[in-house]
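# Topology and contacts: notes
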Number of protein chains: 2
Amino acid sequence: MSEIVSRKVQIEGVATELFRKKGYAATSMRDLAQAVGMEAASIYSHIKNKEALLSSICFRLADAFMDAKKEMELQTMPAPLLLQKAIEAHVRVITNNLDASAVFLHEWRHLSPEPLAEFIALRKAYENYLIRIIHQGKEEGKFQFEDEKIAVLSLLSGLNWIYDWYKPEGKLSPEQVAQNLSNLLLNGLTKK
Amino acid sequence: MSEIVSRKVQIEGVATELFRKKGYAATSMRDLAQAVGMEAASIYSHIKNKEALLSSICFRLADAFMDAKKEMELQTMPAPLLLQKAIEAHVRVITNNLDASAVFLHEWRHLSPEPLAEFIALRKAYENYLIRIIHQGKEEGKFQFEDEKIAVLSLLSGLNWIYDWYKPEGKLSPEQVAQNLSNLLLNGLTKK
DNA sequence: TGTACTACCTAACGTTCGTTAGGCAAAGGA
DNA sequence: TCCTTTGCCTAACGAACGTTAGGTAGTACA
C-alpha cells in the first residue's frame, strides 16, 4: 500500500492487458507474474485465483455500463436525443477502458456458472435499456425500422467494436467518435 | 472415406462447434476426441495438429469472403446498390457458416506468426474493398460521412455480429437480414 | 486364403498448468 | 530491542496438455 498504486491494482491492470492480447485461457499465471515482475505463486498473496481477476475485470466494466444506464434513466427527452446521449455515454466507457472492454466483450464466457449467469443478466438489462429507447423513438414517430432486435444488436455491435480501432493518441476524441457514430446510426450513409 | 462425410470433415465440423463454444485455447484435443467419439491420439491420423484445424477453419471462411469480393469486383453499378449487394454477399457467407464465423472473428489470433500474417493481409484486403465502395459513394455524391474508417469499421462490426444473434430456424431469412441491415446502414434509424 | 492397408486403440512422453505449503528477509510499531 | 506483519521467494503438488510410438483388429483386394 506504500506505492502509487497498490500491487493488487497493478496486477489487475497487467492481467487486463494480457487477457486482451492473448485471451484468458491462453494467459498463464506465470505469464502474468513475469509481466508484473514477480513469481507466479506470489500473485496469490494479492488475489484469490485466476478467475477472480477475470471476474473483477468483467464486472467492473459491467458496473460502468450500468451506472451510465442508471444516470440516463433519470432523464426524459425525445428519443433521438436520448439515443445520442446513450451512445455518448457508451463510447465514453469504452474509450476510457479499451483493454478492459475487449476482455469484457470476449472473455466473459470463461466465467464459472454463477458469475456467468449474473453477467449475462446485466448485459440483458443493458440491451433492454437500449431497446426501450429505440422503441420510444418509434412510438414518437421519429424512428423507423423493421426489426427491433436487429436494430439494437447492430447498434451495439457498432459501438462495441470501437475498442478494436480506437487509438487514444489518435486525432479523434471520444466525444467526436460518439458524435460521428450517432450521426451514422441515426442518419445512415445516404446523403440527403 | 466410405461414410457420407469423411472423418476429417466431421472432425473439422465438431472442432468448429467447440472452438466457437469454448474458445480455441480452452478446447483440448481430448474434448474434441470425445465429441467426435474417438480417442485423442486417433485424431492425428486425420489432421496434422491442433493448429491445422484452426487454420483450416479461418482460411476456409476467409476464402469465402474473398470469393464474394472477387465476384463483386466484376460488376460496375452505383455505390448504394453496390454496397447493398456487398452486404447481401457478406451476410450470406456468415449465415451459411455461423460457427465458423464466430471462430473466424475471435480465434484467429491464436494462429502462429506465418499464417497469422497471411490472415491479417486477407482481412485488410477485404476491408479495403468495402472502403472503396464507400469512397465511390462519396465521390458519386450519394453518401455522406465524416470519417471513412469509422464508417467502414462500424459497418463491418454490424455485419460481423450477426453470428451472435442469427438463428437459422428463426423467422428471418438471410436475404431478409441483409435487406434489413443495408436499409439500416444506408438510411439510419430516423424516419423521413 | 494370404496380404496389405485403414482406422482406431492403449500407453506413454515431456511440458505446462493453477495452486498450495512453508520459509525468509525487510519493515514497522511497541 | 524484540515481535509481528508484510511481501515476496523456492519447491512442489496433482492434473491436464499436445503429441508420438507402437500395436491390433477389421476390411479390401490379390
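Notes on the structure in this doc start here. (Residues numbered from 1 in each chain as written. Chains lettered and ligands numbered in written order. Predicted model: local features only at pLDDT ≥ 70, side-chain atom pairs only at ≥ 80, totals over all residues. Heavy atoms only, no water.)

## Let's talk about the protein's contact with DNA strand D
The immediate surroundings of DNA strand D are formed by 17 residues, with Glu39(A), Ser42(A), His46(A), Met29(B) and Tyr44(B) found nearest. If you look at DNA strand D and keep only atoms within 4 Å of the protein, 58% of those are sugar or phosphate atoms. Met29(B) places a main-chain nitrogen or oxygen 2.8 Å from a phosphate oxygen of DNA strand D. Interatomic distance of 2.9 Å between a side-chain N/O atom of Arg30(B) and a base nitrogen of DNA strand D. Going through the elements one at a time, helix H3 (40–43) of chain A together with helix H2 (29–36) of chain B are the ones with two or more residues in the surface near DNA strand D. (Near = heavy atom within 4 Å. Polar contact = N/O pair within 3.5 Å; in protein donor to acceptor, adjacent residues only side chain to side chain. Helix = DSSP H or I, 4+ residues; strand = E, 2+ residues; numbered from the N terminus.)

## Structural notes on helix H8 (residues 148–160) of chain A
All names here are of chain A. With 13 residues, H8 ought to run about 18 Å at 1.5 Å a step, and its terminal C-alpha atoms sit 18 Å apart, in line with that. Of all 13 residues that make up H8, 11 are buried, and the element is covered over most of its length. Three or more residues of H8 are buried, namely Ile150, Ala151, Val152, Leu153, Ser154, Leu155, Leu156, Ser157, Gly158, Leu159 and Asn160. (Expected span 1.5 Å × (residues − 1). Buried < 20%, exposed > 50% of the residue type's maximum accessible area, 1.4 Å probe, protein only.)

## Points about empty space enclosed by the protein
The tally for this structure, following the rule as stated, stands at 3 cavities of 30 Å³ or more. Approximately 230 Å³ is the volume attributed to the largest cavity. Residue assignment for the lining of the largest cavity shows that the elements contributing at least two residues are H8 and helix H10 (174–187) of chain A together with helix H8 (148–160) and helix H10 (174–187) of chain B. Grouping the constituent residues of the lining of the largest cavity by class yields 12 nonpolar, 4 polar and no charged. (1 Å grid on protein atoms, 1.4 Å probe; cavity = no way out; pocket = protein on both sides within 12 Å on 5 of 7 lines; lining within 4 Å. Points joined across faces, edges and corners; volume = space filled by probe spheres on them. Nonpolar A, V, L, I, M, F, W, Y, C, P; charged D, E, K, R; others polar.)

## So, the environment of Ile133(B)
Residues and elements named next belong to chain B. On the secondary structure map, Ile133 appears in helix H7 (residues 113–139). Once the C-alpha coordinates of Ile133 and Leu18 are considered, the two residues, 115 residues apart in sequence, prove to be 36 Å apart. Not counting the four nearest positions on each side in its chain, Ile133 is found in contact with Ala79, Leu82, Leu83, Ala86 and Phe143. (Contact = heavy atoms within 4.5 Å.)

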